[in-house]
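The primary structure of each chain is shown beneath.
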Amino acid sequence: RNCASRPRGRRGALGRHGPRVLVCIAELASVKKRCAPNCDMVQHSTMSQASGRVCIMIGADDDKVPDKSTRLFKRGRDDVLVEPAQCSRWAGLQADEAIARCIAEKLPGVVVEIATEPDELLSTEAQVVLIISYHTQPSFAWYGSFFAALRALEARGVAVYPRADFKELLSCKGNYTQLLQRAGLPICPTAVLERAACVDGGGVQPTLVEASLAQALDTLGLLAPIAAAPNDHGGRQGDDHGGCQGDGGDYGTADNHRSGGARIDDDEEGKIGVGLDGGVRPFQLVSKPSNADGGYGVAFWAYDGACADSCAAESARAPNAERHRSLLDGLRLQAMLTCGCDVPSLDESPAHAATPVHGRPFMRYLQEVGFLGDRPQVLLQPLVPLFGQHFELKIYFLKRRPFFAALVYGKEKVLAKVVRPSTDNKFFAYIQPLVSKSIEALDALPADGEADPKILMRVDWGVGAPLLPSGGDVTNGDARANGCKDASRGGGNSLDGGALLHGAASSAPTFKKQMVWRATSLSAPQRKLQRLLQEQGTARIGGEQGYFINEVELHPGFYVDVDAAPDETIEPLAHAYGAHARTRA
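Conventions adopted
Residues numbered from 1 in each chain as written. Predicted model: local features only at pLDDT ≥ 70, side-chain atom pairs only at ≥ 80, totals over all residues. Heavy atoms only, no water. Helix = DSSP H or I, 4+ residues; strand = E, 2+ residues; numbered from the N terminus. Contact = heavy atoms within 4.5 Å. Salt bridge = Lys/Arg side-chain N within 4 Å of Asp/Glu carboxyl O. Buried < 20%, exposed > 50% of the residue type's maximum accessible area, 1.4 Å probe, protein only. Pairing = 2+ DSSP bridges. Axes fitted to C-alpha atoms, helices over the stretch in contact; angles between N-to-C directions. Parallel < 35°, antiparallel > 145°, perpendicular 65-115°, else oblique. Left-handed = near helix turned anticlockwise from the far one by under 90°. Nonpolar A, V, L, I, M, F, W, Y, C, P; charged D, E, K, R; others polar. Expected span 1.5 Å × (residues − 1). Phe/Tyr/Trp six-rings, centres within 6.5 Å; stacked < 30°, edge-to-face > 60°. Lys NZ or Arg CZ within 6 Å of the ring centre and 35° of its normal.

Here we look at the overall build of the protein
Scanning the protein from terminus to terminus reveals 17 helices and 25 strands. Nonlocal contacts in the protein, meaning residues at least 24 apart in sequence, comprise 72% of its contacts between residues at least 6 apart.

Re the pattern of salt bridges
Applying the stated criterion across every chain yields a total of 22 salt bridges. Among the salt bridges present, the one from Asp 452 reaches Arg 400, with a minimum N-O distance of 2.7 Å. With Asp 452 in the loop between α14 (432–444) and β20 (456–463) and Arg 400 in the loop between β17 (392–398) and β18 (401–409), the pair connects residues that are 52 residues apart, well separated along the chain. Salt-bridge contacts for Glu 535 lead to Arg 531; the nearest nitrogen and oxygen are separated by 4.0 Å. One end of the pair, Glu 535, and the other, Arg 531, are both in helix α16 (residues 523–536), four residues apart, so they sit about a helical turn from each other. A relative accessible area of 53% means that Glu 535 is categorised as exposed. By sharing partners, the salt bridges in this structure join Arg 89, Glu 105, Lys 106 and Glu 571 into a single network.

With respect to the sheet that holds strand β16 (residues 377–382)
With antiparallel pairing, five strands are arranged side by side in an open sheet as β8-β16-β13-β14-β15. Two strands in the sheet have a free side with no partner beyond their single neighbour: β8 (191–194) and β15 (331–336). If you compare each strand with its neighbour and ignore which way they point, the axes differ by 30° on average. Pairing of strand β14 (residues 299–303) with β15 involves five bridges; the strand directions are antiparallel. If you follow Tyr 303 over to β15, its bridge partner there is Leu 331.

Considerations on the sheet that holds strand β19 (residues 415–419)
Taken together, five strands build an open sheet; the order of strands is β19-β18-β17-β20-β25 and the sheet is antiparallel. Where the open sheet ends on each side, the last strands, each with one partner, are β19 and β25 (547–553). Shown here is a sheet whose adjacent strand axes are inclined to one another by a mean of 25°, direction ignored. In the sheet, β20 pairs with β25 via six bridges, with the strands oriented antiparallel. Across the sheet, Trp 461 pairs through a bridge with Ile 549, a residue of β25. Together, β18, β19, β20 and β25 form the strand contacts of α16, whose direction differs from that of β18 by roughly 130°.

Notes on the pairing of β20
The element β20 is extensively covered by neighbouring structure, given that eight of its eight residues are classed as buried. Here β20 shows two buried faces, one formed by Leu 456, Arg 458, Asp 460 and Gly 462 and the other by Met 457, Val 459, Trp 461 and Val 463. Alignment of β17 against β20, held across six bridges, turns out to be antiparallel. Note on β20: the bridge partner recorded for Phe 397 is Met 457.

Regarding unusual backbone geometry
For the bond from Tyr 161 to Pro 162, the omega torsion is -5°, close enough to zero to count as cis. Relative to the helices and strands, Pro 162 resides in the loop between β7 (159–161) and α6 (164–171). With phi around 55°, Lys 399 is a residue other than glycine that occupies positive phi space. Along the chain, Lys 399 falls in the loop between β17 and β18. Positive phi is not limited to glycine here, since Val 516 has a value of about 55°. As for its placement among the helices and strands, Val 516 is situated in the loop between α15 (508–514) and α16. The class for Val 516 is buried, based on a relative accessible area of 11%.

Concerning the packing of helix α5 (residues 140–155) against α6
Between α5 and α6, whose axes approach to 9 Å, the crossing angle comes to 160°. Classified by the angle between their axes, α5 and α6 sit roughly antiparallel to one another. Where α5 crosses over α6, the handedness of that crossing is right-handed. On α6, the residues that touch Tyr 143, Phe 146, Phe 147, Leu 150, Arg 151 and Glu 154 of α5 are Ala 164, Lys 167, Glu 168 and Ser 171. The residue makeup of the contact of α5 with α6, split by class, is five nonpolar, one polar and four charged.

Overview of the side chain of Glu 551
Here Glu 551 lies in strand β25. Ignoring anything within four residues of it in the chain, the contact list for Glu 551 reads Lys 173, Tyr 176, Arg 458, Val 459 and Asp 460.

Remarks on helix α9 (residues 206–220)
Taking 1.5 Å per residue, 15 residues should reach 21 Å; α9 reaches 21 Å between its end C-alpha atoms and fits that length. Within the span of α9, buried status applies to Pro 206, Val 209, Glu 210, Ser 212, Leu 213, Ala 214, Ala 216, Leu 217 and Leu 220. In the stretch just after α9, Gly 221 is the one whose phi turns positive, near 80°.

Considering the packing of aromatic side chains
Per the counting criterion, the structure on display carries 21 aromatic pairs. A ring pair is formed by Trp 142 and Phe 146, whose centres lie 4.9 Å apart and whose planes are at 35°; its orientation type is tilted. Here Trp 142 and its partner Phe 146 are both found in helix α5, four residues apart, which amounts to about one turn of the helix. Across this residue pair, the class does not change: Trp 142 and Phe 146 are buried. On the numbers, 4.1 Å between centres and 15° between planes, the contact of Tyr 396 with Phe 404 is stacked. According to the relative accessible area criterion, Tyr 396 is buried, its value standing at 0%. Residue classification places Phe 404 among the buried positions, given a relative accessible area of 0%. By way of ring pairs, the aromatic residues Tyr 134, Phe 140, Trp 142, Tyr 143, Phe 146 and Phe 147 are connected into one cluster. Here the basic side chain of Arg 420 rests over the ring of Phe 404, its NZ or CZ set 5.3 Å away from the ring centre.

Right under this line is the structure:
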């Protein structure tokens, strides 16, 4: 049966019949003569001669191996499009399937099956299961069935790679980020909102979220109180933070921040946390669902004290009013990554919500994205303004050795180029400190299988310092000592100047432009990279122009669609996976 005639990526499309057989090779040459290039299955008589079975899970569908009709960005001159130097023998195939077919070549006499869903994994009779990738999953419920399938296979004695517990750890950004933080690795300051602390029998609760959010933001150094001064009536008034109103206000000095009526009670003076009713400086926040692929659900927020004050004033007029609303009332969504998936509008309560969330988009975010489907955690981080202005360096490791790197630019529309140690030795000499720290990060993780091979791992690095509203303590000590930018220093709204980006009043197009939501050229990040190469010699870790670890990935995409030599990715990977499977099939 021709795989091109089958639906791909739909749950259950192949599951009724179990995983499809990709190819069974007793002698590769004879199979090629008998079968069409896209043949999924050979004769059963050939299969009966097989010495074992291997099931490979694949899924990604957005990176096809280029052919002669595909034009790529030429290395070194990023805005010139040229044809690939040579045509891959896997041209036109999606990367995962190309790798799977190449693995099949390495395993003569072994039946190689392809699965795309957990139920297909459970129906396999293979002795070895390799997880290469899977389709982007916005739903945490899918992960639950996936992890359960891997554990069930292991209980049956199937050799699963990577191990179920390792895959579950790396799929939960909160858990592995905290592990790397404890190991002293250069991670962006991160706090975690635990679902269990924010939810009771009635769903996500504002009072629970407010308390957890205040503690997390305080840990990150994002809650800086507005210095209060006596007013003409003997009371206390805050400073204006009119810059949040989009009036061009400068965040450079404390004198430019006023709370517009937010109060700090005498017994709360100088304290940070719940109950300030908007008496904190503007800040920027990034939230990430703990189990989501491809950046799905990563949201960018601005705290607007004027909105918090308005809500607090309105609630204060109501009988028995609650006052602890400043953070939820003041957080305004600037943008959110969708990864091509449908996402809900966050400006009103869903029909099924147990708690109204009008005017509180962060509550709706937790209900519809962050904690949806029993997702256990949401990560919170300060904004790193320079992160979107530079390449994100995605360094791939094959058995802990540098394999290649993808230099990626943009958010929803991405441009990228692939570089290798064999052809870009100057670049790899520059990133050697990042390579060394990346290997430390891989070693800090538990074993991924028997003998801990770490066949393919990726460590993603970004440039820049987290932006804080003022100096203060973060998880590992003083914010400035850890390279965090102080928003009270530097002026204007330049991303390079260190000033806070405009808050809720900034239009979505303006914010997205600043963060390079849709990349159109690689020229700007290439110039910045060349400047860093000249100024630093070797990559600096930490500080305003230094690097930090953004993520660690276990099942990344391969960027073969922008690679002039994709076989240099496919063939070594297939050899490594095939060798691992051969010893266990």
